[in-house]
Amino acid sequence: MTKEKFLAILRKGLSPLPKKERDERLTFYSEMIDDRMEEGLSEEEAVAGIGNPEEIAKQIAGEIPSGEKVGRGRKFRAWEIVLLVLGSPLWIALLAAVFAVVLALLVVLWAVIVCFWAVFASLAACAFGGLAAGVVFSLVGSPIVGLAMFGAAMVCAGLAVFAFFGCNAATKGAAFLSKWTVLGIIRFFRRKGAA
């Protein structure tokens, strides 16, 4: 077995330990292997002389008091439970406030997007209305007013085209931001639930 493989297996076995403790143990065994190799042993012989990394990890984990271990099997101490219960009015209110602010920001974001689309619809309606009014004024006998209505209709049509592309891009951005926010919240609670 190579040194890297030995240390990888040992790292996996020591994962319940705090990072500092785990790094110290890995450094210790890495230096031990290096010392044996300096004495003339091959890498495989140096690693084999230390022992099975899984058994070493079990032995080390057994020496560490259970309160110092971290990971999925971590149990709360009595004082931690008392603090959680006594502090629950505060942290539940703060959690609800954060949730309300995030929800309000998403609602405001989508309200702005709806307003953008309303502006686009208004510009498109003005373009069609201006064209119709231009035709009517031209046929009734007011060609100057009809020409002005055609000009206004063309301006509104051009602005509607620009507004459409802007609204489309803003909608995609808002959808991405909303999805990212919701998935981030879900990942946060899954990570907290798994801890």
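Scroll up for the structure.
Residues numbered from 1 in each chain as written. Predicted model: local features only at pLDDT ≥ 70, side-chain atom pairs only at ≥ 80, totals over all residues. Heavy atoms only, no water.

Let us now look at the overall build of the protein chain. Along the protein chain, the regular secondary structure elements total six helices and zero strands. Against the compact-globule benchmark of 16 Å for 195 residues, the protein chain has a radius of gyration of 34 Å, which places it well outside the compact range. Counting all 195 residues of the protein chain, 21% fall into the buried class. Partitioning the intrachain contacts of the protein chain with sequence separation of at least 6 by distance along the chain shows that 63% fall at a separation of at least 24. Accessible area for the protein chain stands at about 13600 Å²; split by element, carbon and sulfur atoms hold 72% of it. The positive charge centre, built from 21 side chains, and the negative charge centre, built from 17, are 18 Å apart in the protein chain. (Helix = DSSP H or I, 4+ residues; strand = E, 2+ residues; numbered from the N terminus. Rg over C-alpha atoms; globule rule 2.2 N^0.38 Å. Buried < 20%, exposed > 50% of the residue type's maximum accessible area, 1.4 Å probe, protein only. Contact = heavy atoms within 4.5 Å. Areas by Shrake-Rupley, 256 points an atom, 1.4 Å probe, with all protein chains shown as cover. Lys, Arg positive; Asp, Glu negative; His and termini not counted. Charge placed at Lys NZ, Arg CZ, Asp CG, Glu CD.)

Bringing the packing of helix H1 (residues 3-13) against helix H3 (residues 43-50) into the picture now. Between H1 and H3, the shortest axis-to-axis distance is 9 Å and the interhelical angle comes to 30°. Looking at the two axes, H1 sits roughly parallel to H3. For the pair H1 and H3, contact is made by Lys-3, Glu-4 and Phe-6 and by Glu-43, Val-47 and Ile-50, respectively. (Axes fitted to C-alpha atoms, helices over the stretch in contact; angles between N-to-C directions. Parallel < 35°, antiparallel > 145°, perpendicular 65-115°, else oblique.)

Before going further, it helps to examine the packing of aromatic side chains. Given two aromatic rings, one states the distance between the centres and the angle between the planes to describe the pair. Scanning all chains against the criterion turns up six aromatic pairs. Relative to Tyr-29, the ring of Phe-6 lies with its centre 6.3 Å away and its plane at 55°, an arrangement referred to as tilted. One end of the pair, Phe-6, is in helix H1; the other, Tyr-29, is in helix H2 (residues 19-38), with 23 residues separating them in the sequence. Residue Phe-6 shares its accessibility class with Tyr-29, and that shared class is buried. With a centroid separation of 5.6 Å and an interplanar angle of 90°, the aromatic rings of Trp-117 and Phe-120 are classed as edge-to-face. Residue Trp-117 and its partner Phe-120 are both found in helix H5 (residues 78-140); the two are separated by three residues, about one turn of the helix. In this structure an aromatic cluster arises from ring pairing among Trp-117, Phe-120, Phe-164 and Phe-165. (Phe/Tyr/Trp six-rings, centres within 6.5 Å; stacked < 30°, edge-to-face > 60°.)

Below, the discussion takes up the nonpolar core. One finds Phe-6, Leu-10, Tyr-29 and Ile-56 to be the most contacted residues of the largest nonpolar core, which totals 14 residues. Elements that contribute at least two residues to this core include exactly H1, H2, H3 and helix H4 (53-63). Sequence-distant contacts of Ile-56, defined by excluding residues within four places in its chain, comprise Phe-6, Leu-10, Tyr-29, Ile-50 and Gly-51. (Core = buried A, V, L, I, M, F, W, Y, C linked by side-chain atoms within 4.5 Å.)

Moving on to the pattern of salt bridges. Under the definition given, this model contains three salt bridges. Note that Lys-3 is salt-bridged to Asp-34, the shortest N-O span being 2.7 Å. Residue Lys-3 is found in helix H1, and its partner Asp-34 is found in helix H2; the two are separated by 31 residues along the sequence. For Lys-3, a relative accessible area of 14% translates into the label buried. (Salt bridge = Lys/Arg side-chain N within 4 Å of Asp/Glu carboxyl O.)

What follows covers the environment of Trp-180. Relative to the assigned elements, Trp-180 resides in helix H6 (residues 143-194). Along the sequence, Trp-180 and Glu-39 sit 141 residues apart, while their C-alpha atoms lie 55 Å from each other.

For the rest of this paragraph, the subject is H4. Buried residues of H4: Pro-53, Ile-56, Ala-57, Ile-60 and Ala-61, and no others. In a view along the axis of H4, the buried residues occupy a sector of 130°, so they form one face of it. The exposed set on the far side of H4, more than 90 degrees from its buried face, consists of Glu-55, Lys-58, Gln-59 and Gly-62. The backbone nitrogen of Glu-54 lies 3.0 Å from a side-chain oxygen of the residue at the head of H4, namely Asn-52. (Arc of directions from axis to C-beta. Polar contact = N/O pair within 3.5 Å; in protein donor to acceptor, adjacent residues only side chain to side chain.)

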